[in-house]
Amino acid sequence: EDRVFPRPDERLRLQDSEAGQQIAQHRHLEHHAEGHQHPQDEVHVVVSENSAKNYLFTADERRIMMEAITKKYGNVHVHVYDGIVVSFAESLGAKVLVRGIRNITDFAYEFDLSLMNKGLNQKIETVFLPTEPKYFVLKSSGIKELASLGGDISGMVPKIVEEELKKKFQRHNG
């Protein structure tokens, strides 16, 4: 969905909840902040690999989609990183990691991860950003299955993700 607001010269702020939650729902948001209420902040989205997951899209494909989703913000940078995220955050001088959560299961996983990250670097805090209620029950596996069957996922993912899922499943099914 294309919107006039925010203008391309505006910056994404953490308290810009609609935009922040749209990004955070993809669970790849890492935030570089030195006082996150200031409009000059930088937001770094980290696309990472989890060896326990089986991805439909490569890290580079996910990076390209995230860049398209965030291109209207002048202060968002998207990276692919396959190491320890807190180490990457440290290399950027980040002070805060923002983790998107949908439910208690996400929170339990992310909380344990935040404790590990805190053990690795005491200077970097983790903030949990709950998603909007309409996304509570969404799981990527369910969305992928629905898309593979030709179902309507337009209200569940950004337009570019919907288009790329359709392309991916046309190749696999066609």
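Each residue is numbered by its place in its chain's sequence as written, counting from 1. With pLDDT at 70 or above as the cut-off, local features in this predicted model cover only qualifying residues; side-chain atom pairs require 80 or more to be listed or tallied, and sums for whole chains, interfaces and linings still use all residues. Computation of side-chain values covers all heavy atoms of the structure but excludes hydrogens and water.

J.: I tried to follow helix H3 (residues 85–92) on my own but got confused; where do I start?
T.: Because each turn of an α-helix spans 3.6 residues, side chains separated by three or four positions end up pointing in the same direction. Relative accessibility under 20% of the residue-type maximum defines a buried residue, over 50% an exposed one, and the middle range a partly exposed one, all with a 1.4 Å probe and only protein chains included. Secondary structure elements are defined from DSSP: runs of H or I of at least 4 residues count as helices, runs of E of at least 2 residues count as strands, and each element is numbered from the N terminus. All of the buried residues along H3 are Val-85, Val-86, Phe-88 and Ala-89. Looking down the long axis of H3, one finds its buried residues gathered within 155° of arc, a one-sided arrangement. Away from the buried face of H3 by more than 90 degrees, exposed residues Glu-90 and Ser-91 are located. Within two residues after H3, Gly-93 carries a phi angle of roughly 80°, on the positive side. Working definition: the arc comes from the directions between the helix axis and the C-beta atoms, pointing outward to the latter.

J.: Where do I start with the confidence of the model for the protein in this structure?
T.: Low-confidence regions, as indicated by low pLDDT, have predicted coordinates that should not be scrutinised in detail. Scored by pLDDT, the protein has a mean of 78; 75% of the residues are at 70 or more. Per residue, pLDDT measures the predictor's confidence, with a range of 0 to 100. Throughout, a contact is declared for two residues whenever any of their heavy atoms are within 4.5 Å. Throughout residues 1–40 the model reports pLDDT below 50, and contacts reaching past four residues in sequence, or to other chains, amount to 102 contacts.

J.: Teacher, can you tell me more about the pattern of salt bridges here?
T.: Close approach of charged atoms allows side chains of opposite charge to pair. Salt bridges are counted wherever a side-chain nitrogen of Lys or Arg sits within 4 Å of a carboxyl oxygen of Asp or Glu. Counted under the stated rule, the structure contains 10 salt bridges. Here Glu-110 ties to Arg-99 by a salt bridge, and the two come within 2.8 Å at their closest N and O atoms. Here Glu-110, found in helix H4 (residues 104–120), pairs with Arg-99, found in strand E4 (residues 96–101); they are 11 residues apart in sequence, far enough to count as distant. Of the residues examined, Arg-99 reaches a relative accessible area of 13% and is grouped as buried. Put simply, Asp-60, Arg-63 and Glu-67 are held in one network by salt bridges that share partners.

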